[in-house]
Amino acid sequence: MNQPQLCFETICVHQRKFSERLPYHEARMNRTRQLLWRAQEPLALKDYLEIPHSVNDGKHKCRITYGAEIVNIEWEKYQPRTIGSLRVVKADGLDYAHKYKDRQALNSLYDQRGSCDDVLIMRQGFITDTSYANIALFDGAGWYTPEHPLLAGTQRAYLLDQEIIKPRAIRADDIPAYVHLRLFNAMLPWEEGPTLEIERLFFE
């Protein structure tokens, strides 16, 4: 029997402090371990994480690779991306329900961005995520995130819990009904997420 792909979590470390979303990362990791590897005993991230001296001021990524157990922990300086435009690309058969270490399929879609900065992935006519972030769309009254994203991110889970965003099935054809699009992920809190005018989305 083939073993499942390894997965990973990316946790934000700012000014040598872990993100307050750490419990969301831990919960997702343990759900994934149970689903893919039938690991019944949950792991507590605090037992594995100690910020090294090399991680100093500013924002860093803590990347945890795991299967049934944690296999590697890496640290790197965070380099934010500049996102000013998105190209909508189709990927009906794409499955990224878990945060797999193998991102080849996502990277192949990213390569289709053309002159844009990233891609917005459409599946079965519905929009999902960019190659690295969840999204929300503003319709003039409220912010809505795709009901079925490629990956249910930890920042997305927090924003839903706080009712800052609401889930909605959003077809690509619905995009002109919105005003703005915002990107967010574990390294990009809501207040810092790039926000684009809807006209900055381009179709294939």
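Now for a description of the structure that goes with this document. (Residues numbered from 1 in each chain as written. Predicted model: local features only at pLDDT ≥ 70, side-chain atom pairs only at ≥ 80, totals over all residues. Heavy atoms only, no water.)

Some thoughts on the overall build of the protein chain
For the protein chain, the helix and strand inventory stands at three helices and 13 strands. The C-alpha atoms of the protein chain give a radius of gyration of 17 Å, which matches the 17 Å a tight globule of 204 residues would have. Taken over 204 residues, the protein chain has a buried fraction of 48%. Summarising the internal contacts of the protein chain: among those between residues at least 6 apart in sequence, 63% fall at separations of at least 24. As displayed, the protein chain offers around 10,900 Å² of accessible surface, 47% of which is attributable to carbon and sulfur atoms. Both charge centroids of the protein chain, one from 26 positive and one from 28 negative side chains, sit 1 Å from each other. (Helix = DSSP H or I, 4+ residues; strand = E, 2+ residues; numbered from the N terminus. Rg over C-alpha atoms; globule rule 2.2 N^0.38 Å. Buried < 20%, exposed > 50% of the residue type's maximum accessible area, 1.4 Å probe, protein only. Contact = heavy atoms within 4.5 Å. Areas by Shrake-Rupley, 256 points an atom, 1.4 Å probe, with all protein chains shown as cover. Lys, Arg positive; Asp, Glu negative; His and termini not counted. Charge placed at Lys NZ, Arg CZ, Asp CG, Glu CD.)

Considerations on the nonpolar core
Here is a general trend for soluble globular proteins: nonpolar side chains tend to be buried in one another's company. Counting 26 residues, the largest nonpolar core has L45, I64, I70, L94, Y96, L109 and I121 as its most contacted members. Only β1 (7–14), α1 (22–37), β3 (59–66), α2 (104–110) and β6 (118–123) provide two or more residues apiece to this core. With four residues, the top contributor of residues to this core is β1. Excluding its chain neighbours within four sequence positions, the residues that come into contact with I121 are V89, A91, L94, L106, L109, F126, I127, T128, D129, T130, S131 and L150. Counting 24 residues, the second-largest nonpolar core is a separate cluster that includes L86, M122, A133 and I170. (Core = buried A, V, L, I, M, F, W, Y, C linked by side-chain atoms within 4.5 Å.)

Details of the sheet that holds strand β4 (residues 70–77)
An order of β2-β1-β3-β4 is seen for the four strands of this open sheet, with the pairing classed as antiparallel. Edge positions in the open sheet fall to β2 (17–18) and β4, since each of these has one partner strand only. Pairing between β1 and β2: two bridges, direction antiparallel. Looking across to β2, one finds that V13 is bridged to F18. Strand contacts of α1: β1, β2, β3 and β4, with the helix running at about 170° to β1, the strand carrying the most contacts. (Pairing = 2+ DSSP bridges. Axes fitted to C-alpha atoms, helices over the stretch in contact; angles between N-to-C directions.)

Remarks on unusual backbone geometry
A positive phi is found at R16, a non-glycine position, where the angle reads about 65°. Structurally, R16 is set in the loop between β1 and β2. Despite not being glycine, Q124 has its phi angle at roughly 55°, a positive value. Relative to the assigned elements, Q124 resides in the loop between β6 and β7 (126–130). A relative accessible area of 53% means that Q124 is categorised as exposed.

Quick word on the pattern of salt bridges
Overall, the coordinates contain seven salt bridges when judged by the stated rule. The shortest N-O distance in the salt bridge between E9 and R28 comes to 2.8 Å. Of this pair, E9 sits in strand β1 while R28 is found in helix α1, placing the two residues 19 residues apart along the sequence. For the pair shown, E9 and R28 are each scored as buried. Of the charged contacts, one joins K59 and E192 as a salt bridge, the two residues approaching to 3.0 Å between their closest N and O atoms. (Salt bridge = Lys/Arg side-chain N within 4 Å of Asp/Glu carboxyl O.)

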